[in-house]
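Each chain, written out:
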Amino acid sequence: MKKELICISCPRGCHLVVDTDEKSVTGNACKRGEAYGLSEVFDPVRVITSVVKIKNADIKMLPVKTDKPLKKELNFECIKAINKVTVEAPVRIGDIIIENIFGTGVNIVASKNAFKA
């Protein structure tokens, strides 16, 4: 079976064809395209971005993200877990907001500084 994808590893946007039987990729201009194509078909992952509530801060919501890609199948559960969190200022970029979510080794980290109001 063959699957067609557009690579997002770089601005080139190569049109990839992934052969699922052979586990091979064609159409890529670089090695990153091959890795992306195989990953996207056999083990898709995403970096999740969201916001959490924050108290006593100079901002109303704190932007957060995963520090590594998370399996795509966990996206919605991850967002549900993030939505339950409230933090208190001050928070620095990179501070861990949720550690080791679902035992995956992926942390949810702050992606903006938040100072006391």
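Below: a short report on this structure. Small disclaimer: the values here were computed from a predicted structure and weren't measured.

Take the sheet that holds strand 5 (residues 49-55) next. If you walk across this open sheet you meet the five strands as 8-5-6-10-9, and the pairing is mixed. The open sheet is flanked by strand 8 (86-88) and strand 9 (96-98), the only strands paired with a single partner. Here the strands of the sheet are splayed against their neighbours by 45 degrees on average, with no regard to which way each runs. In this sheet, strand 8 lies alongside strand 5 in parallel orientation, the contact comprising three bridges. Paired with Lys55 across the two strands is Glu88, which belongs to strand 8. Its contacts with the sheet place helix 2 (residues 75-83) against strand 5, strand 6 (61-66), strand 9 and strand 10 (108-110), and it is angled at close to 15 degrees to strand 5.

Looking at where Asn75 falls in the secondary structure, it is placed in helix 2. Look past the residues within four positions of Asn75 in its chain and what remains in contact with it is Arg46, Ile48 and Leu70.

Mapping Ile98 onto the fold places it in strand 9. Distance in space between the C-alpha atoms of Ile98 and Val64 is 9.8 Å, their sequence separation being 34 residues. Apart from residues lying up to four places away in sequence, Ile98 is in contact with Ala81, Ile82, Val85, Asn107 and Ile108.

Ranked by internal contacts, the top residues of the largest apolar core, which has 21 residues, are Ile54, Leu62, Ile82, Val87, Val91 and Ile97. In this view, Val87 contacts Val52, Lys53, Ile54, Lys55, Leu62 and Ile97; residues no more than four positions away in its chain are not counted. The next biggest cluster of nonpolar side chains, apart from the first, holds six residues, and it includes Cys7, Cys14, Leu16 and Tyr36.

Inspection of the entire model under this criterion finds zero aromatic pairs. Sitting over the face of the ring of Phe42, Lys23 holds its NZ or CZ atom 5.2 Å from the ring centroid.

Pairing between the strands of a sheet comes from backbone hydrogen bonds, and it takes one of two forms, parallel or antiparallel. In spatial order, the strands read 1-2-3; together these three strands make up an open sheet with antiparallel pairing. Single-partner strands in this sheet number two, and they are strand 1 (2-6) and strand 3 (24-26). Ignoring which end each strand starts from, the neighbouring axes of this sheet average 25 degrees apart. Sheet topology note: the strand 1/strand 2 (residues 15-19) ladder contains five bridges and is antiparallel. Within strand 2, the residue paired with Lys2 across the bridge is Asp19.

The rules behind each value
- Residues numbered from 1 in each chain as written.
- Predicted model: local features only at pLDDT ≥ 70, side-chain atom pairs only at ≥ 80, totals over all residues.
- Heavy atoms only, no water.
- Pairing = 2+ DSSP bridges.
- Helix = DSSP H or I, 4+ residues; strand = E, 2+ residues; numbered from the N terminus.
- Axes fitted to C-alpha atoms, helices over the stretch in contact; angles between N-to-C directions.
- Contact = heavy atoms within 4.5 Å.
- Core = buried A, V, L, I, M, F, W, Y, C linked by side-chain atoms within 4.5 Å.
- Buried < 20%, exposed > 50% of the residue type's maximum accessible area, 1.4 Å probe, protein only.
- Phe/Tyr/Trp six-rings, centres within 6.5 Å; stacked < 30°, edge-to-face > 60°.
- Lys NZ or Arg CZ within 6 Å of the ring centre and 35° of its normal.

Nothing here speaks to function; it is all geometry.
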